[in-house]
Amino acid sequence: MREVNVSEVTEAIKKLCMDANYYLPEDVYNALQEALKKEKSPVGRSVLEQIIRNADIAREERVAICQDCGLAVIFMEIGQDVKFVGGDLKEAIFEGVRQGYKEGYLRKSTCHPFTRANVGDNTPPVIHYDIVPGDKVRIVIAPKGGGSENMSRVMMLKPADGLEGVKDYVVQRCSESGGNPCPPVIVGVGVGGTFERSAFLAKKALLRPLGRPNPDLELAAAEQEMLERINKLGMGPMGWGGTVYALAVHFEMEPCHIASLPCAVNINCHAARHKEVTI
Amino acid sequence: MAEDYIKLTTPLTDEDVEKLKIGDRVLLNGVIYTGRDAAHKRMVEALDRGEDLPFDIKGAIIYFVGPAPAKPGWPIGSAGPTTSYRMDPYSPRLIALGLKGMIGKGGRSQEVIDACVKYKCVYFGAIGGAGALLAKSIKKSEVIAYEDLGPEAVRRLEVEDFPVIVVNDIYGNDLEKEGRKQYEVKD
Ligand code: SF4
């Protein structure tokens, strides 16, 4: 057993909240540069240039890439040989979010669903726990903006719809989303499991580094085909017309029930933020 | 700045918006007001009660934004647009009262587009997710109403060459539709 004090978790999460919001991951940054070379529309190219400049400013001045600093989505991979000491783990995570969003000048975006009163400290975060072998704790934070999350859906397709049905649904979802999710976007597709599992797979797909296709060749081919079909729609950066609407499609799959074909589409904006640390 | 930008200063007049067409790049100067979901709801409720709006709506521009908190030394934190369709139920009412411009991202409803034609109002797009860059064009920020709403409070912003593009003009054109038509590849 290895003891980990929960205060370390608070510190780590506080720093991750800030860093994730200031520093656009390198793979995303490079993908935007590539997009700039490929984009045919002059308006689209100017959008991409400004998005890249924005990431530079955020990094250099340590300010938020986007004013929507997201709901803090946190993946906790906890080694089964870890014993947490020094307090309540969940509360330690919440405290890290509170401190990170306050001290980092990040926008607090959680509110009561009906009165819309702002909670004030960006809690609660969404926490996904996973128990894994080993004695380490891996923490990944992915702040998720509302604009792109609102364009995401879970669709319970019929088994007869098959892979073609999944591809059509994903392309249609992008087509209907237009400029709303701040394109160029990254499209996470989760197929399998139950209703909520498919959504989780789609969310996890967004964490995969850009430029790394699914190792399964059939799924990788489907990713490529969907990406091409989405970009051929002509919506382009910010939906103002152009050739790059999506930077990538990431497809994750698991077995599902014999009666179902759950298909989730989780869209992420170009501010595809995530940061991780291992304690 | 590039020459293909049109410079405009608020408050906007009918003549200002008449010359704008979709795809035009515009640099805004002067004062603009912020408002998003909760502020729009309150403004329309105020009108229902026969009360005044927190600012003079005639010729005004509303920016759909909920900025991040300002770091010391900055007038405002990151301040990019939020998705506009959520303001669709409220916008026509404000347009009828003389609102001349809105800034947001994403498409608008037919009702909003129709109101833009009828009352001469323009919907501008700003680059979503470019909040740090856009904040550089904001020189001053002051909360003027609904402070309890936090990031959703109504702010008066002084802007200098704030970059936007015309997405819906007063002639009923729509950049999202036209742009897409131009670049769509049919197999
Ligand atoms: S969708 Fe993303 S980039 Fe756009 S405003 Fe929301 S968080 Fe920012």
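Residues numbered from 1 in each chain as written. Chains lettered and ligands numbered in written order. Predicted model: local features only at pLDDT ≥ 70, side-chain atom pairs only at ≥ 80, totals over all residues. Heavy atoms only, no water.

Engineer: Give a detailed account of the sheet that holds strand β9 (residues 261–268) of chain A, specifying residues and quantitative values.
Structural biologist: Residues and elements named next belong to chain A. Strand order in this open sheet of 4 strands is β6-β9-β7-β8, and the pairing throughout is mixed. Each having just a single partner strand, β6 (153–157) and β8 (246–256) make up the two edges of the open sheet. On average, each strand axis in the sheet is tilted by 15° relative to the strand beside it, whichever way the strands run. Summarising the sheet, strand β7 (residues 185–193) and β9 pair through 6 bridges and their orientation is antiparallel. Within β9, the residue paired with Val191 across the bridge is Cys263. Seen against the sheet, helix α6 (residues 162–177) touches β6, β7, β8 and β9 and runs at an angle of roughly 30° to β9. (Pairing = 2+ DSSP bridges. Helix = DSSP H or I, 4+ residues; strand = E, 2+ residues; numbered from the N terminus. Axes fitted to C-alpha atoms, helices over the stretch in contact; angles between N-to-C directions. Contact = heavy atoms within 4.5 Å.)

Engineer: How would you sum up the site of the ligand? Please name residues and give values.
Structural biologist: For the ligand, the set of nearby residues contains 13 residues, the closest of which are Cys66, Cys182, Cys269 and Arg273 of chain A together with Gly129 of chain B. Neighbouring residues of the ligand are not confined to a single chain but are spread across chains A and B. Among the residues making up the shell around the ligand, the classes are represented as 5 nonpolar, 5 polar and 3 charged. Of the residues that make up the shell around the ligand, three or more belong to each of domain 1 (2–20 + 65–143) and domain 2 (146–273) of chain A. (Near = heavy atom within 4 Å. Nonpolar A, V, L, I, M, F, W, Y, C, P; charged D, E, K, R; others polar. Domains from an automatic or database assignment.)

Engineer: Give a detailed account of helix α6 (residues 175–183) of chain B, specifying residues and quantitative values.
Structural biologist: Along α6 of chain B, the residues classified as buried are Leu175, Glu176, Gly179 and Tyr183 of chain B. Along α6 of chain B, the residues classed as buried sweep out an arc of 95° about the axis, all on the same side. Every exposed residue of α6 of chain B that faces more than 90 degrees away from the buried side is listed here: Lys177 and Lys181 of chain B. Its buried side turned inward, α6 of chain B meets α3 (42–61) and α8 (217–232) of chain A together with β7 (154–168) of chain B. The opening residue of α6 of chain B, the one whose side-chain oxygen lies 3.1 Å from the backbone nitrogen of Glu176 of chain B, is Asp174 of chain B. (Buried < 20%, exposed > 50% of the residue type's maximum accessible area, 1.4 Å probe, protein only. Arc of directions from axis to C-beta. Polar contact = N/O pair within 3.5 Å; in protein donor to acceptor, adjacent residues only side chain to side chain.)

Engineer: Now, about the interface of chain B and chain A: what can you tell me, with residues and values included?
Structural biologist: Contacts between chain B and chain A engage 43 residues on the former and 43 residues on the latter. Counting the surface lost from both chain B and chain A, the interface buries some 3500 Å², and carbon and sulfur atoms represent 57% of this. The shortest N-O distance in the salt bridge between Glu61 of chain A and Lys136 of chain B comes to 2.7 Å. In this structure, the connection of chain B to chain A is made through 17 residue pairs in polar contact (both at pLDDT 80 or more). Taken together, the elements giving at least two residues each to the side of chain B that touches chain A come down to α5 (131–135), β7 and α6 of chain B. Ranked by the residues each element gives to the side of chain B that touches chain A, the list is headed by α6 of chain B, at 5 residues. (Buried area = accessible area lost by both parts, 1.4 Å probe. Salt bridge = Lys/Arg side-chain N within 4 Å of Asp/Glu carboxyl O.)

Engineer: A description of the side chain of Asn54 of chain A should follow, citing residues and the corresponding values.
Structural biologist: Considering the arrangement of structural elements, one finds Asn54 of chain A in helix α3. Of note is the side chain of Asn54 of chain A, whose polar atom sits 2.7 Å from the backbone nitrogen of Leu133 of chain B. For Asn54 of chain A, the residues in contact, after removing those within four places along its chain, are Ile65 of chain A together with Gly129, Ala130, Gly131, Ala132 and Leu133 of chain B.

Engineer: Can you explain the domain arrangement of chain A? Please cite residues and give values.
Structural biologist: All names here are of chain A. Looking at the assigned domains, one finds that chain A contains domain 1 (2–20 + 65–143) and domain 2 (146–273). The gap between the C-alpha centroids of domain 1 and domain 2 is 26 Å. With 12 residues of domain 1 at the contact, the number on the domain 2 side is 8 residues. Both sides of the domain 1 and domain 2 interface together cover about 840 Å² of buried area, and 63% of this is carbon and sulfur. The largest share of the area that domain 1 buries against domain 2 comes from Asp68, Phe75 and Pro143, three residues that together contribute 44% of it. The tally of links between domain 1 and domain 2 comes to 0 salt bridges. Remark: the boundary between domain 1 and domain 2 carries 2 residue pairs in polar contact (both at pLDDT 80 or more).

Engineer: Explain the state of the cysteines residue by residue, including any values.
Structural biologist: The final tally for this structure, using the stated rule, is 0 disulfides over all chains. With no disulfide of its own, Cys174 of chain A lies closest to Cys263 of chain A among cysteine sulfurs, the gap being 11 Å. Relative accessible area serves as the criterion here: at 0%, Cys174 of chain A is assigned to the buried category. As a non-bridged cysteine, Cys116 of chain B has Cys121 of chain B as the owner of its nearest cysteine sulfur, 4.3 Å distant. The buried category is assigned to Cys116 of chain B, whose relative accessible area is 1%. (Disulfide = S-S within 2.5 Å.)

Engineer: An account of the environment of Arg86 of chain B is requested, with residue identities and associated values reported.
Structural biologist: With respect to the helices and strands, the residue Arg86 of chain B is situated in the loop between β3 (61–63) and α3 (91–96). Remark: the alpha-carbon pair of Arg86 of chain B and Gly35 of chain B, spanning 51 residues in sequence, is separated by 12 Å. Ignoring any residue separated from it by four or fewer positions in sequence, one finds Arg86 of chain B in contact with Asn150 of chain A together with Arg36 and Asp37 of chain B. In terms of polar contacts, Arg86 of chain B uses its side chain to reach the side chain of Asp37 of chain B, at 2.6 Å. Within polar-contact distance, the side chain of Arg86 of chain B engages the side chain of Thr82 of chain B at 3.0 Å.

Engineer: Quick one: what's the story with helix α1 (residues 6–22) of chain A, residue by residue and with numbers?
Structural biologist: Residues and elements named next belong to chain A. For α1, with 17 residues, the first-to-last C-alpha span of 25 Å sits near the 24 Å given by 1.5 Å per residue. Counting buried positions along α1 gives 13 out of 17 residues, so the element sits mostly inside the fold. Among the residues of α1, the N-terminal cap falls to Asn5, whose side-chain oxygen and the backbone nitrogen of Ser7 are separated by 2.9 Å. (Expected span 1.5 Å × (residues − 1).)

Engineer: Could you give me a rundown of the nonpolar core, with the residues and numbers involved?
Structural biologist: Counting residues in each nonpolar core, the largest one holds 86 residues, and the members touching the most others are Leu28, Met102, Ile103, Phe124 and Phe162 of chain B. For this core, the element with the most residues is β7 of chain B, which contributes 8 residues. Sequence-distant contacts of Leu28 of chain B, that is, excluding residues within four places in its chain, are made with Leu8, Ile61, Ile103, Phe124, Val159, Glu160, Asp161, Phe162 and Val164 of chain B. Residues Val9, Met18, Val82 and Phe94 of chain A belong to the second largest nonpolar core, which totals 28 residues. (Core = buried A, V, L, I, M, F, W, Y, C linked by side-chain atoms within 4.5 Å.)

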